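# Structural features, examined
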Amino acid sequence: MTDAAALPGQPRGGVLSGSATARAVNVLAPNPSAMTLDGTNTWIVSEPDSDLAVVIDPGPLDDGHLRRVVDTAAEAGKRVALTLLTHGHPDHAEGAARFAGLTGTKVRALDPALRLGDEGLAAGDVITVGGLELRVVPTPGHTADSLCFHLPADRAVLTGDTILGRGTTVVAHPDGRLGDYLDSLRRLRSLTVDDGVHTVLPGHGPVLEDAQGAVEFYLAHRAHRLAQVETAVEDGHRAAADVVAHVYADVDRSLWPAAELSVRAQLEYLTEHGLI
Ligand SMILES: [Zn+2]
């Protein structure tokens, strides 16, 4: 769920569909839009010599897409053994129950309402399937239930909507909170600095090979937007829609409703920090 198209200064993306790293393959869902960029990225992740795979974000409830994910894994000699969700937005999670039915897998997510089976996901959990290791990284902010998955063997991180391959993401107020989101970006920055992660496998848009650059770009973009919102309020534009019209004048109007959610999150942040 994006609130802007490609932005100046943003790291350029590479692979959009197919193999992205030694362990991650993207099956692009046929749901492109202003909000979902090229469509949702459904990731199949597995050890190269294993016949078991994990699927992250089955995507929308589209039978053709869900079957294509199963077939893509099967063509590589793999059976889907587990389904994970980065968060509960329908473009990532709507097809999860149907996909679980097709594959006989459980669904693990932070939000208990999205799970199938008795296992959830929590900060610090390490998921191992067929020798594959994924570490759960809590990254609230886009939504309260947003998670990333660190794939250490490929020095990669699957970011859902927390970082996109193009543009920037929505802080979906009131569920998403800006303070949480900034903390999450800093958590991802430490993955790039301390754990050597260099590849972003996003929930929408192309793969980014400069993970640290992407995180720094997102932090800088957020600081820039926040300063713009603060100035707009100081100039007397107090209503969220009014702030959007001033701050997001350069963004396509179809994205303004999403931008308004981010503005509401920014107004809340500024108020809580006594800045307006
Ligand atoms: Zn989302």
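Look up a bit, the structure's there.
Residues numbered from 1 in each chain as written. Predicted model: local features only at pLDDT ≥ 70, side-chain atom pairs only at ≥ 80, totals over all residues. Heavy atoms only, no water.

Looking now at the nonpolar core. Ile163 and Tyr248 are the most contacted members of the largest nonpolar core, which totals 41 residues. Listed by contribution, the elements that provide at least two residues to this core are helix H4 (178–194), helix H5 (211–234), helix H6 (240–247) and helix H7 (256–272). By residue number, the principal contributor to this core is H5, which donates 10 residues. (Core = buried A, V, L, I, M, F, W, Y, C linked by side-chain atoms within 4.5 Å. Buried < 20%, exposed > 50% of the residue type's maximum accessible area, 1.4 Å probe, protein only. Helix = DSSP H or I, 4+ residues; strand = E, 2+ residues; numbered from the N terminus.)

To continue, consider the sheet that holds strand S2 (residues 24–28). Paired through backbone hydrogen bonds, the strands of a sheet run either parallel or antiparallel to each other. With mixed pairing, six strands are arranged side by side in an open sheet as S1-S2-S3-S4-S5-S6. The sheet is open, and its two edges are formed by strand S1 (18–19) and strand S6 (107–108), each paired on a single side. Where strand S4 (residues 52–56) and strand S5 (residues 79–84) come together, five bridges link them in parallel fashion. When the sheet's bridge partners are listed, Val55 is paired in S5 with Thr83. Contacting S2, strand S3 (41–45), S4 and S5, helix H1 (residues 63–75) runs over the sheet at an angle of about 150° to S2. Contacts from helix H3 (residues 96–103) reach S4, S5 and S6 within the one sheet, and its direction differs from that of S5 by about 155°. (Pairing = 2+ DSSP bridges. Contact = heavy atoms within 4.5 Å. Axes fitted to C-alpha atoms, helices over the stretch in contact; angles between N-to-C directions.)

On the basis of which strands lie adjacent, the open sheet formed by five strands has the order S7-S8-S9-S10-S11 and mixed pairing. Two strands lie at the open edges of the sheet, namely strand S7 (126–129) and strand S11 (199–202), each paired on one side alone. Each strand of the sheet is rotated relative to its neighbour by a mean of 25°, with strand direction disregarded. The strands touched by H4 within the sheet are strand S8 (132–138), strand S9 (147–151) and strand S10 (156–160), with S8 carrying the most contacts at an inclination of about 145°.

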